[in-house]
Amino acid sequence: MNIEERKNMVKVCKLYYYEAWTQEKIAAQFGVSRPVISKMLQRARDEGIVEIVIHDDDHEVSKLEKDMEQLFGLQQVLVVPTKDLNKELVSSAVGKAAAQFVLKLIRNGDRVGVSWGNTLYYMVREFPLEKKENVKFIPLVGGTGSARNEMHSNQIAYELSKRLGVTCDTLYAPAVVETEQLKEQIVQLPNIASVLQEGEHIDLALVGIGNPYSMSTMERSGYLNEQVLVELQAMDVVADINSRFITRSGEISEHPINEKVIGLGLEQLKQTKTVVGMAFGLHKIDCIVAALKGRYINMLITDEATADHIVKAEQYVASRTASHRRK
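Now for a description of the structure that goes with this document. (Residues numbered from 1 in each chain as written. Predicted model: local features only at pLDDT ≥ 70, side-chain atom pairs only at ≥ 80, totals over all residues. Heavy atoms only, no water.)

1. Quick notes on the side chain of S92
Within the element layout of this structure, S92 appears in helix α5 (residues 87-105). Accessibility expressed as a relative area gives 17% for S92, which makes it buried. Within the local environment of S92, its side chain forms a polar contact with the side chain of E126, the two groups lying 3.4 Å apart. (Helix = DSSP H or I, 4+ residues; strand = E, 2+ residues; numbered from the N terminus. Buried < 20%, exposed > 50% of the residue type's maximum accessible area, 1.4 Å probe, protein only. Polar contact = N/O pair within 3.5 Å; in protein donor to acceptor, adjacent residues only side chain to side chain.)

Structure (structure tokens):
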């Protein structure tokens, strides 16, 4: 192909792909037949002058889900497509997707434990009305108080039970109390003890993954003050699950606040067959990774950008590790 032929081919391609001209119109412009233009377009693809890329969001998202499952040994991951969505639309999209995902997991006769947090709240807000039989929702952590009641585990359990026409328990206790002694007294009360015992025999758990330092549900509910936050940060705590704090490596923190929580412990949570962790937003990256390293969850719901950052970071670390081993 000489220079002139290439120039003409590029002109034809620009008219066809950029300007959306028909092959007939281009043929008339150049004074040739339509089959000639068709052959030029085909040759342009063969020569690499034109490359056709199809941006298949479903394919990209499916790959992220598969990568997350393989990297962390998860049963299932739901990555919600959120490209070009503003913050409010992302929350709604994640909520809708999470609601449909969870609805399919709940079977007649299940005991479903719920914690609290932003993502669970958005899920409940989008949850459809559908009749289930003999399902019971159980709050996994206390949460009395006036601040953000709609996000508390009791309210989450109640709203979900309404939408499915089933029953729920209520845990009449704060998430965190002042002393370990007070906690021991409260958990021995018959109505509290019975709910906590039910939480140990659930089929499915729905838990949020919180960031103590950014948009924290616990902080807004008054359970964390500045001193505790400084102490947690010094201990490399990056996340909370069911109001228990975990470190960057996924270990349960030894901070005293963990001993003052009224709710299902994380080691008990691990005994549950299916634990769905929910969190989205770039400020939750370290939180999600810590939860995955600790193996507190075996299913995950998150957004596309967050999953993409996690996968790229983990693949980079893996490649660096492999490179050092070869040396």
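2. With respect to the nonpolar core
The biggest cluster of nonpolar side chains holds 44 residues, and the ones touching the most others in it are M68, V207, I209, I241, I246, L269 and L300. Here this core takes seven residues from helix α13 (residues 285-293), the largest share from any one element. With residues near it in sequence (within four places) discarded, L300 still touches M68, L74, Q76, V77, L78, I209, G277 and I288. Ranked by size, the runner-up nonpolar core spans 32 residues in total, among them A93, L120, F127 and A157. (Core = buried A, V, L, I, M, F, W, Y, C linked by side-chain atoms within 4.5 Å. Contact = heavy atoms within 4.5 Å.)

3. Here's the deal with a nonpolar patch on the surface
A cluster of nonpolar side chains, F30, V32 and V36, forms an exposed patch at the surface whose accessible area comes to about 200 Å². Along the polypeptide, V36 turns up in helix α3 (residues 34-46). Owing to a relative accessible area of 35%, V36 belongs among the partly exposed residues under this scheme. (Patch = residues over 30% accessible without salt bridge, like charges linked within 9 Å, V, L, I, M, F, W, Y side chains within 5 Å. Areas by Shrake-Rupley, 256 points an atom, 1.4 Å probe, with all protein chains shown as cover. Salt bridge = Lys/Arg side-chain N within 4 Å of Asp/Glu carboxyl O.)

4. Quick notes on the packing of helix α1 (residues 3-18) against helix α2 (residues 23-30)
When two helices pack together, their arrangement is given by the angle between the helix axes and by the axis-to-axis distance. Close contact between α1 and α2 brings their axes to 10 Å; oriented N to C, the two are set at 140°. Accordingly, the angle class assigned to the pair α1 and α2 is oblique. Considering only the axes of α1 and α2, their crossing is right-handed. Note on element contacts: α2 touches α1 through Q23, I26 and F30, opposite N8, K11, V12, L15 and Y16. (Axes fitted to C-alpha atoms, helices over the stretch in contact; angles between N-to-C directions. Parallel < 35°, antiparallel > 145°, perpendicular 65-115°, else oblique. Left-handed = near helix turned anticlockwise from the far one by under 90°.)

5. Quick notes on empty space enclosed by the protein
Applying the stated criterion to the full structure yields two cavities of 30 Å³ or more. Put simply, the largest cavity is a space of about 170 Å³. Every residue lining the largest cavity is counted, 19 residues in all, and those nearest its centre are W116, G117, G210, T217 and D240. Taken together, the residues that form the lining of the largest cavity break down as seven nonpolar, ten polar and two charged. Quantified by volume, the second largest cavity comes out at close to 30 Å³. Considering the residues around the second largest cavity, the lining is formed by I138, P139, L140, V195, L196, G199 and L264. The set of elements that each furnish at least two residues to the lining of the second largest cavity consists of β3 (136-139) and α9 (190-199). No other element matches α9, which puts three residues into the lining of the second largest cavity. Considering only residue class, the lining of the second largest cavity consists of six nonpolar, one polar and no charged. (1 Å grid on protein atoms, 1.4 Å probe; cavity = no way out; pocket = protein on both sides within 12 Å on 5 of 7 lines; lining within 4 Å. Points joined across faces, edges and corners; volume = space filled by probe spheres on them. Nonpolar A, V, L, I, M, F, W, Y, C, P; charged D, E, K, R; others polar.)

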